[in-house]
Amino acid sequence: LHPRVRRQRQMCIRDRLYGIGVGPGDPELLTLKALRLIKEADVIALPGEAPKETVAYKIVEGAYKEISEKVLLPVHMPMTKDPELLEKYHDEGAVLIKKELDKGKNVAFLTLGDPTVYSTYIYVHKRIKEMGYPTEIVSGITSFCAVSAKLNTGLVEKAQMLHVIPASYQVEEALKFPGTKVFMKAGKKMKKVKEAILSSGACGMMVENCGMPEEKIYRSVEEIPDTAGYYSLIIVEEGE
């Protein structure tokens, strides 16, 4: 194919929703594909009431200042476990995006890490897909891979298992799993998670705000504070 024809085929498709993973925090970890699609998108959807204050926006801004000139669409995604409230906001977010798609626009919804791993985006994605609109997920570097790299160690070797666990649920049971355990978004439950790890006799390390200016690294469970930010991830390795 002629390079120009190939380029045209690669460009953002009209009336399509792109769920774009922007990585864990470091703007340099944005993929080339993510950055290209963000530049080509008509509308940038962001999970928050104030788009420019969202973490996803700030990550992309570090690599693409011109994002401020884009049409920014706030999609409110509250931090709650109330299923009825979540359903309401997910429905409303899908309606907002549908309106843009109906105008012939393509929409890039930015989400931290990868859109397939504990992402609020996926709920909107399913709704838009069910409405019959074309959708595409664009992978981003996951937080647990970035944290492992930051700690200069591997996650699993040979036949070891890898378990990715939301830290607010069944920590004690999860610690019994064989292989490496990744506890995501420990945040408010940090003290409980820390105590459970210490009681099990396992070894762990944590990175808070990986790749962001306020990043903090804790190389033992004992170092981990009882309180930490939402973007805190603990890796517990299998004992010898």
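Above this note sits the structure.
Residues numbered from 1 in each chain as written. Predicted model: local features only at pLDDT ≥ 70, side-chain atom pairs only at ≥ 80, totals over all residues. Heavy atoms only, no water.

1. A short note on the sheet that holds strand S6 (residues 162-166)
Here we have five strands laid out as an open sheet, ordered S6-S7-S10-S8-S9, and mixed in their pairing. Strands with a single pairing partner mark the edges of an open sheet, and in this sheet they are S6 and strand S9 (216-218). Each strand axis lies, on average, 15 degrees off the axis of its neighbour in the sheet, ignoring direction. Sitting on the sheet, helix H6 (residues 143-150) touches S6, strand S7 (180-184), strand S8 (203-208), S9 and strand S10 (232-237), and the angle it makes with S10 is about 70 degrees. The sheet strands contacting helix H8 (residues 190-200) are S8 and S10, and the helix crosses S10 at an angle near 10 degrees. (Pairing = 2+ DSSP bridges. Helix = DSSP H or I, 4+ residues; strand = E, 2+ residues; numbered from the N terminus. Axes fitted to C-alpha atoms, helices over the stretch in contact; angles between N-to-C directions. Contact = heavy atoms within 4.5 Å.)

2. With respect to the pattern of salt bridges
Enumeration over the complete set of coordinates arrives at 11 salt bridges. Between glutamate 92 and lysine 88 there is a salt bridge, with its nearest N and O atoms 3.0 Å apart. Taken together, the positions of glutamate 92 and lysine 88, both in helix H4 (residues 83-102) and four residues apart, correspond to about one turn of that helix. (Salt bridge = Lys/Arg side-chain N within 4 Å of Asp/Glu carboxyl O.)

3. Here's the deal with the packing of aromatic side chains
For any pair of aromatic rings, the description rests on two quantities: the centre-to-centre distance and the angle between the ring planes. What the rule picks out here adds up to two aromatic pairs. Judged by centre distance (5.0 Å) and plane angle (75 degrees), the rings of tyrosine 230 and tyrosine 231 are edge-to-face. The exposure class of tyrosine 230 is partly exposed, given its relative accessible area of 35%. The side chain of lysine 88 reaches across the aromatic face of tyrosine 89, ending 4.5 Å from its centre. (Phe/Tyr/Trp six-rings, centres within 6.5 Å; stacked < 30°, edge-to-face > 60°. Buried < 20%, exposed > 50% of the residue type's maximum accessible area, 1.4 Å probe, protein only. Lys NZ or Arg CZ within 6 Å of the ring centre and 35° of its normal.)

4. Let's talk about the sheet that holds strand S2 (residues 43-46)
Sheet strands pair via backbone hydrogen bonds, and the direction of the pair is either parallel or antiparallel. In space, the five strands of this open sheet follow the order S3-S2-S4-S1-S5, with parallel pairing throughout. Among the strands making up the open sheet, the edge pair consists of strand S3 (71-74) and strand S5 (135-138). In this sheet, neighbouring strand axes are inclined to one another by 25 degrees on average, regardless of whether the strands run parallel or antiparallel. Direction of pairing for S2 relative to strand S4 (residues 107-111): parallel, over a ladder of three bridges. Its bridge partner being in S4, isoleucine 44 is matched across the sheet by alanine 108. Relative to strand S1 (residues 17-21), helix H2 (residues 32-40) is tilted by about 135 degrees, and along the sheet it contacts S1, S2, S4 and S5. The strands touched by helix H5 (residues 121-130) within the sheet are S1, S4 and S5, with S5 carrying the most contacts at an inclination of about 155 degrees.

5. Structural notes on H4
Here H4 is 20 residues long and its end C-alpha atoms lie 28 Å apart, about the 28 Å a rise of 1.5 Å per residue gives. Among all positions in H4, only Tyr89, His90, Gly93, Ala94, Ile97, Glu100 and Leu101 are buried. Buried residues of H4 fall within an arc of 140 degrees about the axis and therefore sit on the same side. Of the exposed residues in H4, the ones pointing more than 90 degrees away from its buried face are Glu84 and Lys99. Elements that come into contact with the buried residues of H4 comprise S1, S2, S3, S4 and H5. One side-chain oxygen of the residue at the start of H4 lies 3.0 Å from the amide nitrogen of glutamate 84, identifying that residue as aspartate 82. Where H4 terminates, the next one or two residues include glycine 104, which has phi positive at roughly 90 degrees. (Expected span 1.5 Å × (residues − 1). Arc of directions from axis to C-beta. Polar contact = N/O pair within 3.5 Å; in protein donor to acceptor, adjacent residues only side chain to side chain.)

6. What to know about unusual backbone geometry
The phi dihedral of lysine 158 is positive, around 50 degrees, even though this residue is not glycine. With respect to the helices and strands, lysine 158 occurs in the loop between H6 and S6. In this structure, asparagine 209 is a non-glycine residue whose phi angle is positive, near 55 degrees.

7. Thoughts on the environment of glutamate 53
Here glutamate 53 is to be found in the loop between S2 and helix H3 (55-61). Relative accessible area serves as the criterion here: at 62%, glutamate 53 is assigned to the exposed category. When the C-alpha positions of glutamate 53 and glycine 132 are compared, they lie 31 Å apart, and in sequence the two are 79 residues distant.

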